[in-house]
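Fold and geometry: a report
Given next are the chains, with one letter for each unit.
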Amino acid sequence: MTPLQRYIAEEIATDHADGILTRREALRRLGLLGVGASAAVALLAACAGNDDTKITDSYPSPSAPSAPPGTANAIPTAAITFAGPGQTQVQAAWAAAAQPRGGVLVIHENKGLNDHIRSVAGRFAGAGYSALAIDLLSSRGGTAAFTDPAAATAELSRIPQEELLADLGAGLAELQRRVDGKKVGATGFCFGGGLTWLLLTSGAAQLAAATPFYGPFPDNGDLATSKAAVLAVYAAADARVNASRPAAEAALARTGDPYEVFTAPDADHAFFNDTGQRYNATAATEAWRRVLDWYSAYLG
């Protein structure tokens, strides 16, 4: 099992432990990943017995903002395709700022390119940063080709890391072409947060800044070739991803480049996703403010 497959499997088990997925559905999804029955049962049991760090009051209060941050000025996205590695075509959602200050590559969660991620791209454009939300299932027909979201997740887990990085590199090149002369950054969530870290450790020279949201830092990751200013976003109750945070912080400190770590209090994994059960409006609003401040400082 690759690190990304392991991450997705653990996420499914954690969703079951938190009551988001039934046992039957969690086992079905683990089966789609190729996890054997006995291993799946053991994983569910391990995650169910490791929830002592969870914060139960991690949902928005009645006084929290009703609209997700950035939506008031969001710009609608348009579906585009562009040349990918080899002869492939990459699908994406594009949102153009009226007067772009820079560009942002938006990397989706393990569900693929959906309406929530399109919304995030539109929010960046509304804030002055043209945004391209890439569909990493493009070589498999695109996210829309999967009627079962769990099947989309399973297919994502099977795509080699090198292929994912190649598509992301093509996305960065397309973004640079569309915001010619401007700096570009990358934002990813969960699975996409992990891929943002992978981009950084791979030495993506195009990146001037990055803001990974609660993504796992790669095993033995090294940021020596990165020149990006990084704002790493975590959640206080997200023990699974937080386990790799010390390695990320140590790698960031060694670069000498600007970085900051923000841990949202009273929030759990995926707190920024307003379509999910762990959405925390207060934490999402604060994280959005910090991300825009970060891009203002390091993108323009």
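Residues numbered from 1 in each chain as written. Predicted model: local features only at pLDDT ≥ 70, side-chain atom pairs only at ≥ 80, totals over all residues. Heavy atoms only, no water.

1. Some details on empty space enclosed by the protein
Counting across every chain of the model gives one cavity of 30 Å³ or more. If you add up the space inside the largest cavity, you get close to 40 Å³. Looking at the largest cavity, the residues that line it are Leu 200, Leu 223, Ser 226, Ala 228, Val 230, Leu 252, Thr 255 and Asp 257. In terms of residue class, the lining of the largest cavity is built from five nonpolar, two polar and one charged. (1 Å grid on protein atoms, 1.4 Å probe; cavity = no way out; pocket = protein on both sides within 12 Å on 5 of 7 lines; lining within 4 Å. Points joined across faces, edges and corners; volume = space filled by probe spheres on them. Nonpolar A, V, L, I, M, F, W, Y, C, P; charged D, E, K, R; others polar.)

2. Quick notes on the pairing of strand S1 (residues 78-83)
It is a general feature of regular strands that their side chains alternate between the two faces of the sheet. Examined bridge by bridge, S1 and strand S2 (residues 89-95) share six bridges and lie antiparallel to one another. Residue Ile 80 lies in a different strand from S2, and its bridge partner there is Ala 92. In textbook terms, the turn of a hairpin is the stretch between consecutive antiparallel strands, and for S1 and S2 this stretch comprises five residues, one of which, Gly 86, has a positive phi near 65 degrees. (Pairing = 2+ DSSP bridges. Helix = DSSP H or I, 4+ residues; strand = E, 2+ residues; numbered from the N terminus.)

3. Brief notes about the pairing of S2
Most of S2 sits inside the fold, with five of its seven residues counted as buried. Sheet topology places S2 next to strand S4 (residues 129-134); four bridges connect them, and they run antiparallel. Counted as the bridge partner of Trp 94 is Leu 132 from S4. (Buried < 20%, exposed > 50% of the residue type's maximum accessible area, 1.4 Å probe, protein only.)

4. Overview of the sheet that holds S2
Paired through their backbone hydrogen bonds, the strands of a sheet run either parallel or antiparallel. The sheet built from eight strands is open, its strands ordered S1-S2-S4-S3-S5-S6-S7-S8 with mixed pairing. Since the sheet does not close on itself, it has two edges, and those belong to S1 and strand S8 (259-264), each with one partner. On average, adjacent strands in this sheet sit at an angle of 20 degrees to one another, irrespective of strand direction. With six bridges joining them, strand S5 (residues 184-189) and strand S6 (residues 207-213) adopt parallel strand pairing. (Axes fitted to C-alpha atoms, helices over the stretch in contact; angles between N-to-C directions.)

5. Description of the layout of surface pockets
The space that makes up the largest pocket amounts to roughly 450 Å³. Lining the largest pocket are 21 residues, and of these Glu 11, Asp 15, Ile 20, Arg 29 and Lys 111 sit closest to its centre. For the lining of the largest pocket, the secondary-structure elements that each account for two or more residues are helix H1 (3-17) and helix H5 (149-158). A breakdown of the residues in the lining of the largest pocket according to their chemical character gives eight nonpolar, seven polar and six charged. Size it by volume and the second largest pocket reaches roughly 320 Å³. Together, 15 residues line the second largest pocket, and Pro 3, Arg 6, Pro 216, Phe 217 and Asp 219 are the ones closest to its centre. Contributing elements (two or more residues each) for the lining of the second largest pocket: H1, helix H7 (191-201) and helix H8 (239-242). The leading source of residues in the lining of the second largest pocket is H1, at five residues. For the lining of the second largest pocket, a count of residues per class yields eight nonpolar, three polar and four charged.

6. Things to note about the packing of helix H2 (residues 23-33) against H5
At a minimum axis separation of 8 Å, H2 and H5 run at an interaxial angle of 35 degrees. Considering the relative orientation of H2 and H5, their crossing is right-handed. Together, Glu 25, Arg 28, Arg 29, Leu 32 and Leu 33 of H2 and Ala 150, Ala 151, Thr 153, Ala 154, Ser 157 and Arg 158 of H5 make up the contact between the two elements. The residue inventory of the contact of H2 with H5, partitioned by class, reads five nonpolar, two polar and four charged. (Left-handed = near helix turned anticlockwise from the far one by under 90°. Contact = heavy atoms within 4.5 Å.)

The quantities given are spatial measurements derived from coordinates; they are silent on function.
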